[in-house]
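# Coordinates in review
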Amino acid sequence: MRPSSLGKIDFLYDCDEVERQKILYMLEVAGQMVIDYFGKKCNFDVLVCDGGWCMEVQTISRERGQTARTHSTKFLAFTDYNLNEIVIRKDSAKFVHYLHEMIHCVIPKKYPNQLREGLAWFFTLQLIKPYPYLRPNYPMWIAEIYINPVKSLVGKFGVDFIKDFAVGTASIEESALPEDAKDLFLPEEVFFRKKDQAS
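## Side note on the pairing of strand β2 (residues 45–49)
When a strand is regular, its side chains alternate between the sheet's two faces. Across the five residues that make up β2, a large majority, four, are buried. With helix α1 (residues 17–38) bridging strand β1 (residues 9–11) and the parallel β2, this β-α-β connection has left-handed handedness. Pairing analysis gives five bridges linking β2 to strand β4 (residues 85–89), with the strands arranged parallel. By the bridge assignment, V46 is partnered in β4 with I86.

Spelled out as structure tokens, the structure:
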């Protein structure tokens, strides 16, 4: 069984059939949730790592001069927009991380990394609202720099509009942005420089 909502799935380790089916099931459920909510399918390939070393190798090999901060959940899962791949660490990632990366796949590549990350975090939390036991623990800075600014966008424009914006079927004029959401729209190098100066 290969989830119909995805491209190719590769296990980068010897995986027994029970574990394989469990991971494929999580991918299928997460992919279907994204289709049902956004009306878009994730066609990215998935690479499943077995632990920290494999995940670190995958992360470093893709950075190409970027800072590691571009993958805020790099030790659990990340999405490579250049290669159209999701990389997941099976020994640490929970269902919510699979879902989070699937949401990344339907957000336009043209958006800055921090905007994609904020939208993915916000909508991950939206989709799991009926399932509070799935809610992940995350550091306060995730809320401050990603989730809260998207909440401001939602407060101003409404969740349905921001959902359309998240998949690229709506646009926002820069002059209409709430003050605390403007940083999400900055070029990535400016965003990270500002965050470094603030910390």
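## Points about the pattern of salt bridges
Close approach of charged atoms allows side chains of opposite charge to pair. All told, the structure shown has five salt bridges when counted by the stated rule. A salt bridge links R20 to E17; the shortest N-O distance between them is 3.8 Å. You can see R20 and its partner E17 sitting in helix α1, three residues apart, about one turn around the helix. Of the residues examined, R20 reaches a relative accessible area of 27% and is grouped as partly exposed. You can call E17 partly exposed: its relative accessible area is 47%.

## Points about helix α5 (residues 140–157)
Between its terminal C-alpha atoms α5 stretches 25 Å, which fits the 26 Å expected from 18 residues at 1.5 Å a residue. At I147, α5 is bent by approximately 40°, the largest bend along its length, and proline P149 sits one to four residues beyond. Taken together, the buried positions of α5 are occupied by I142, A143, I145, Y146, I147, P149, V150, L153 and V154.

## A word on the nonpolar core
Formed by 58 residues in total, the largest nonpolar core has its most connected members in L27, F38, L99, I103 and L119. Discounting residues that sit within four places of it in the chain, I103 has contacts with V34, F38, A120, F123, T124 and L127. One finds L47, C54, M55 and F78 within the second-largest nonpolar core, a separate group that totals six residues.

## Quick notes on helix α4 (residues 113–127)
For α4, with 15 residues, the first-to-last C-alpha span of 21 Å sits near the 21 Å given by 1.5 Å per residue. Taking burial as the measure, the 15 residues of α4 include 14 buried ones, the bulk of the element.

## Some words on the packing of helix α3 (residues 95–106) against α4
Two elements in contact, α3 and α4, have axes whose closest approach is 9 Å; the angle formed by their N-to-C orientations is 130°. For the element pair α3 / α4, the angle class is oblique. Like other packed secondary-structure pairs, α3 and α4 cross with a definite hand, here right-handed. Side by side, α3 and α4 meet where V96, L99, H100, I103 and H104 of the first sit next to R116, E117, A120, W121, F123, T124 and L127 of the second.

## Section: the packing of α4 against α5
Across the interface, α4 lies against α5 with an axial gap of 8 Å and an inter-helix angle of 75°. Considered as vectors, α4 and α5 are oriented roughly perpendicular to each other. Taken together, the residues of α5 that come into contact with α4 (itself represented by Q114, E117, G118, L119, W121, F122 and L125) are I142, Y146, I147, V150, K151 and V154.

## A few points about the pairing of strand β3 (residues 77–80)
Here β3 shows a buried face lined by A77 and T79 and a second buried face lined by F78 and D80. Where β3 meets β4, four bridges bridge the pair, whose relative direction is antiparallel. Paired with A77 across the two strands is I88, which belongs to β4. Hairpin connection from β3 to β4: four residues lie between these consecutive antiparallel strands, with N84 at a positive phi of about 55°.

Criteria and cut-off values
- Residues numbered from 1 in each chain as written.
- Predicted model: local features only at pLDDT ≥ 70, side-chain atom pairs only at ≥ 80, totals over all residues.
- Heavy atoms only, no water.
- Buried < 20%, exposed > 50% of the residue type's maximum accessible area, 1.4 Å probe, protein only.
- Helix = DSSP H or I, 4+ residues; strand = E, 2+ residues; numbered from the N terminus.
- Right-handed = clockwise from strand over helix to strand, strands pointing away.
- Pairing = 2+ DSSP bridges.
- Salt bridge = Lys/Arg side-chain N within 4 Å of Asp/Glu carboxyl O.
- Expected span 1.5 Å × (residues − 1).
- Bend = angle between axes of the 7 residues up to and from the residue.
- Core = buried A, V, L, I, M, F, W, Y, C linked by side-chain atoms within 4.5 Å.
- Contact = heavy atoms within 4.5 Å.
- Axes fitted to C-alpha atoms, helices over the stretch in contact; angles between N-to-C directions.
- Parallel < 35°, antiparallel > 145°, perpendicular 65-115°, else oblique.
- Left-handed = near helix turned anticlockwise from the far one by under 90°.

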